[in-house]
Each structure stands twice: as structure tokens, then as C-alpha cells.
Amino acid sequence: MATTSETAVAARAKYEPVIGLEVHVQLLTATKIFCSCSARFGAPPNANVCPVCLGLPGALPVLNRKAVEFAVLAAMALNCRVNETSIFARKNYFYPDLPKGYQISQYDKPLAEFGAIDITTGGNSKKVGITRLHLEEDAGKSLHEGFPDSAEKTAIDLNRSGVPLIEIVSEPEIASPDEAYEYLTRVKEIILYTGVSDCNMEEGSLRCDANVSVRPRRQTQFGTKTEIKNVNSFRFIRDALEYEIGRQVGVLESGGKITQETRLYNSAEGKTYSMRSKEEAHDYRYFSEPDLLPLVVDGKWQAEIRRNLPELPEARRKRMVADYGITEYDAEVLAASRTLADEFELAAKAAKNPKRVANLVQSELMGRLKARGLEIEHSPISMKGLALSADLVEGGTISGKMLKDLYDLCFERNQDFPAVYEKEKPQQLTDTTSIEKIIAEIIAANPKQVEQYRAGKKAVIGFFVGQVMKVSKGQANPQMVNELLAKLLES
Ligand SMILES: [Zn+2]
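Source: prediction; values computed, not measured. (Residues numbered from 1 in each chain as written. Predicted model: local features only at pLDDT ≥ 70, side-chain atom pairs only at ≥ 80, totals over all residues. Heavy atoms only, no water.)

*Asks:* Would you mind showing me how to read the pairing of strand S13 (residues 261-266) here?
*Replies:* Looking along a regular strand, one sees side chains alternate from face to face of the sheet. Here strand S12 (residues 226-231) pairs with S13 via three bridges, running parallel. Note on S13: the bridge partner recorded for Ile 228 is Arg 263. Bridge count between S13 and strand S14 (residues 271-277): six bridges; the pairing is antiparallel. If you follow Thr 262 over to S14, its bridge partner there is Arg 276. What sits between the antiparallel neighbours S13 and S14 is a turn of four residues, in which Gly 270 has the positive phi angle 70 degrees. (Pairing = 2+ DSSP bridges. Helix = DSSP H or I, 4+ residues; strand = E, 2+ residues; numbered from the N terminus.)

*Asks:* Honestly, the pattern of salt bridges in this entry has me stumped. Any pointers?
*Replies:* Opposite charge on two side chains lets them pair, provided their charged atoms get close. With the rule as written, the count across this model stands at 41 salt bridges. Between Glu 289 and Arg 90 there is a salt bridge, and its shortest N-O distance comes to 2.8 Å. Taken together, the residues span a long stretch of sequence, with Glu 289 in the loop between strand S15 (287-288) and strand S16 (295-296) and Arg 90 in strand S4 (residues 88-92) at a distance of 199 residues. For Arg 90, a relative accessible area of 13% corresponds to the buried category. Notably, a salt bridge pairs Glu 490 with Lys 458, separated by 3.5 Å at the nearest N-O pair. (Salt bridge = Lys/Arg side-chain N within 4 Å of Asp/Glu carboxyl O. Buried < 20%, exposed > 50% of the residue type's maximum accessible area, 1.4 Å probe, protein only.)

*Asks:* Help me understand the packing of helix H12 (residues 400-413) against helix H13 (residues 417-424), please; the structure alone is not making it clear to me.
*Replies:* Two quantities define a packed helix pair, namely the angle between the axes and the distance from one axis to the other. It is at 9 Å that the axes of H12 and H13 come closest, and there the two elements cross at 115 degrees. As judged from the angle between their axes, H12 and H13 are roughly perpendicular. As for the relative orientation of H12 and H13, their crossing is right-handed in sense. Judged by residue contacts, Leu 406, Tyr 407, Leu 409, Cys 410 and Arg 413 of H12 engage Phe 417, Val 420, Tyr 421, Lys 423 and Glu 424 from H13. For the contact of H12 with H13, a count of residues per class yields seven nonpolar, no polar and three charged. (Axes fitted to C-alpha atoms, helices over the stretch in contact; angles between N-to-C directions. Parallel < 35°, antiparallel > 145°, perpendicular 65-115°, else oblique. Left-handed = near helix turned anticlockwise from the far one by under 90°. Contact = heavy atoms within 4.5 Å. Nonpolar A, V, L, I, M, F, W, Y, C, P; charged D, E, K, R; others polar.)

*Asks:* Just to check I follow, could you spell out the layout of surface pockets for this structure?
*Replies:* If a probe as big as a water molecule is rolled over the atoms, it shows which places are left empty. Its boundaries defined by the atoms lining it, the second largest pocket holds a volume of some 890 Å³. Lining the second largest pocket are 22 residues, and of these Lys 188, Leu 192, Ala 336, Ser 337 and Glu 375 sit closest to its centre. Mapped onto the lining of the second largest pocket, the elements with two or more residues apiece are helix H4 (177-194), helix H9 (338-350) and helix H10 (354-371). Residue contributions to the lining of the second largest pocket peak at six residues, all from H4. Tallied by class, residues from the lining of the second largest pocket come to eleven nonpolar, four polar and seven charged. (1 Å grid on protein atoms, 1.4 Å probe; cavity = no way out; pocket = protein on both sides within 12 Å on 5 of 7 lines; lining within 4 Å. Points joined across faces, edges and corners; volume = space filled by probe spheres on them.)

Here it is in C-alpha cells:
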């Protein structure tokens, strides 16, 4: 008899998931979208408010030009078509952190449409369409804890009310939790490259809702979907989708029906829970915002904004592979952020061997930065310093071991490589006679290994190299050691 989990796996295989994602990204403007209040995170509650973002009667919104430019730049980076004219609309709903009783958003005429990005999972690439990207204002925040009377009362902080957001809606073309994870990773990476948001999930600058349904394989009609809201990490979204897909399959297999609803994910339990029945668009009674003119971003303005579009991660990785002869894996690591890629390219251009620079950044620099919790911007070793160190190893002036020791000193003293190198000037042993003398002693002391080597076990040379480096305190030139060892062991 099949076990319960085998039955579940078999049932799961009969269905295919359909996933669509809505990503909200806070734009890094200095001020809010419709007033001049500061949009900065972390101010005391209700410090950044005015009649407009408090929703007081008679206050009128004035659109922030920078928010439009950031949104357009993000849309271009996501390969969207930017609509010359888009319309702001009121999305009506009641919520304690929404004093106006409506949110200014965009509805049937959004800022941008028809985008797409490439994602790769398990070695397979595919395009995921982006239905739309629109501008809207954020709501305030309800605080359920942190006050003496939090048990009875909820506090409202309206600092976030009116902070500019873009909402990026994907096509329902994501077919697995892994693809969802990859899509989110790529969207975040692209947005970070454009610089329009810090995408800080802990501070809520990037939030994601997932729509998911399942349908029997080969059925074209969609199943009933549920929405999972406010999950605060990509890993949790993957886990929540995994759980929710299993739950829906279970309901259908036992003859039940899926209810269209909004569900919350509890990461401690790894389960989703029903929160409320899902609103339909008509529940919001959308209508055009009467206090704002249609937003017109004409060809000239679009061209100006496009000039700020940086080289995007995927294109950059391809170019880096071609320009510096590094591997795709190197490029993946080194172009993970725009700053890191910029820094790497500075060093790679300055050094004789870019591949060595790529290795040094990954093996020697990033590990040390990570161990100290430092970002690349705060590295004591500059890219100029790193390029010099790469050239010194390349030219045989210092050994790999010496480089490691010098890097340690740079981090200990918080000094750049050239300064530390100048002071320490480690001497490499390059004198043939001295190295031969050390080798002769080691050969004499290890007859067993010599015998093994001569019997054809060539890998034993590693043991001898290690011994020579140990005796010479890491100062013997490694290339000479290898050559001399091979010569002397053969004789
Ligand atoms: Zn305000």
C-alpha cells in the first residue's frame, strides 16, 4: 500500500501550478509622491506628515517629478513599453492606516506595460512577461506592538503614507516556487542596478504578494487562485507557495473546491491561513483621480530618462565574460551588485591578468569582507591595491601565501595593500642554490615519499611543495620550487 506522502507526490504530479507575482517597490525619492514631506525611513512616528498625506479635506496632491522618472527608468529596465499618457485612479477601500479612504494608484491606463525578463532555473531559461508597472502611493502603517497599551490598542504611523511605490505585476507564467524565487531575485537585481530603490525587505522597501492556482496538466483553463500576502523574504515566498500548492492539490483531490481568498503565511509553522475573501477589482470602485491631470511622459522626456539606464546585470555578465576571460560563474558572483561589478572592472582593467583579479576578489577579498561583516565599499584594500597585488603574484615577486599574509595585515591595520606591501616588502626566495639545498634536505628526510614518487605516484609532489614552503616560511618562489622538485626527484 502507498504511504500518505507517496500518494501526495502522485497527486501533485497530476497538477501544474500557475503563479503570478505582484512586487511593490519603494522609490528612493527624497520626498513623498504627492507632497513635500520627507520619504525617509526611520523617523519618529508621524514626524513626516502634512495635510496632503494625512488626507485632510481640501488638500491637493502635486505629483513628484523624480518619482515619475524613477518609475519610468525601472519600467525601461524591465523591458516595458512606457505609455505616453497614463491616468491616476482612486482605489477606494477603508483601512485605519489609509486616512483618505482611498489610495491614489493607476488602473486601466498604467504607466508601463508589456515587459519581460529572462529567468534561469535548473539550467533552463525562459521569459516571464510583465503585465504592467504602475505608480501609486503607499499607505501608513498600523503598529500592533511597542506601546504600553498595545494589548488593547493599535497605533497608526503615517510617515509611510504617500511614499512613492511602483507595483510590478507579472504574467501568470511562473510555473514553480523555484521559478518564483528566481524571478524575484532577478527583478530585485535589476531594480538595484537602476538605483531607484534600495529594495530593503526588512524596511519594507520591497514587498511581494503571490497569486497561485493549480490545474490538471493539459487543462488550459485556470483554476481558482488564492493570494498570499506580505511575505517578507524570497525564501519564505518559495516555502509559502510550496505549501499552498500542496494544500490546493489536497483540497481538489478530496473532491473539494478552492475558495478565492487572501491567505497569510506563518513562517514558523510553514503554513498559510485564510485571512479574508479576496476582493475583486470592482470592489474598489476605481475611478480617475479628479485632482490630478493625466500623466504625460512624452518621447523627449523618455529619451532623457533612458540616458540614465545603466548596463543591466545580464548584459553586463555576458560582456564581463567576453572582456576579461572569466567564467560565467565568476561573472555571476562579481556582477551580483553594481558596485561590486564596478570595483572588479576597475581592478581587472588595471591588472595584467583579469582572471587572477576575479579569483582574488572571490577567494581572498570577499571572504575577509564577509567575516568582518563589511561591504565592498568599506574594504581596506582598494581595487588599485588589489590590481597591484595580482600583478605581484603574476610576476612571481610574491607568492600566494605572502599575498594572503599581506591581505590579513591590510585588514588588521585597516590599510590599503600598497602601503602594507611597501612597509613589509616580503622577500621571496628566488635563489636556486638555496632552494635546492632545502629540497635536498627534505628528500633525504623522506625516503618513503621519494620512493612513492619514483614509482609513479606523481601527486606526492604536493607533499614536497608543502614541506619546502614550510621550511622556507612561505618565501620560496612556488614556480621555482615546483620546477626544481621535479628535476631533483627524477634524478
Ligand atoms: Zn505630506
